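Chain by chain, the residues:
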Amino acid sequence: SYVEGTYKEKMENFELSQAFKVVFSFVKTLNRFIDERRIWATQDENDYKTIIKSLAKISNFYLPLLPESMEKVIQALAIKDNIFVNKKIDFQPLFK
């Protein structure tokens, strides 16, 4: 993806500030997605999966900067080799 490619390029060139600006833009896009899709109301399973995948990407992007915190996020999401493997999360809303 554009975000992953740009992030990788900026990190390889030690342009850390620029790399994390790209990531923060992705975070803002995800936030907008959540707001616009109103996932708390629609309860769309694909939207939940998109959010989990996006959080996995974000945690990997921030891993070099915040290793301990991002490892906790990765463990909580049960991500292995960039794949969401947590079978305990069934993508059902917490509240109805």
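Structural notes, computed from the coordinates.

Cut-offs applied
Residues numbered from 1 in each chain as written. Predicted model: local features only at pLDDT ≥ 70, side-chain atom pairs only at ≥ 80, totals over all residues. Heavy atoms only, no water. Helix = DSSP H or I, 4+ residues; strand = E, 2+ residues; numbered from the N terminus. Buried < 20%, exposed > 50% of the residue type's maximum accessible area, 1.4 Å probe, protein only. Contact = heavy atoms within 4.5 Å. Areas by Shrake-Rupley, 256 points an atom, 1.4 Å probe, with all protein chains shown as cover. Salt bridge = Lys/Arg side-chain N within 4 Å of Asp/Glu carboxyl O. Arc of directions from axis to C-beta.

1. A few points about the overall build of the protein chain
Here's step 1: Along its length, the protein chain carries five helices and two strands.
Here's step 2: Ordering the α and β elements of the protein chain from the N terminus gives α-α-α-α-α-β-β.
Here's step 3: Counting across all 96 residues of the protein chain, residues that qualify as buried make up 29%.
Here's step 4: Restricting the contact set of the protein chain to residue pairs at least 6 apart, pairs at least 24 apart contribute 44%.
Here's step 5: Counting every atom, the protein chain has about 7100 Å² of accessible surface; 56% of that belongs to carbon and sulfur.

2. With respect to the pattern of salt bridges
Here's step 1: Counting across every chain of the model gives three salt bridges.
Here's step 2: A salt bridge links Lys-57 to Glu-4; its shortest N-O distance comes to 4.0 Å. Taken as a pair, Lys-57 in helix α4 (residues 45-62) and Glu-4 in helix α1 (residues 2-12) lie far apart in primary sequence, 53 residues in all.
Here's step 3: Of the charged contacts in the structure, one is a salt bridge between Glu-15 and Lys-10, with a shortest N-O distance of 3.4 Å.
Here's step 4: By relative accessible area, which is 30% here, Glu-15 ends up partly exposed.

3. Some points on helix α5 (residues 67-77)
Here's step 1: Among the residues of α5, those classed as buried are Met-70, Ile-74 and Leu-77. The buried residues of α5 all sit within an arc of 70° when viewed along its axis, so they share a single face. Within α5, the exposed residues directed more than 90 degrees away from the buried face are Glu-68, Lys-72, Gln-75 and Ala-76.

4. Observations regarding the environment of Lys-8
Here's step 1: The topology assignment puts Lys-8 in helix α1.
Here's step 2: Lys-8 gets classed as exposed once you look at its relative accessible area, which sits at 52%.
Here's step 3: Placed 53 residues apart in sequence, Lys-8 and Phe-61 show a C-alpha to C-alpha distance of 9.1 Å.

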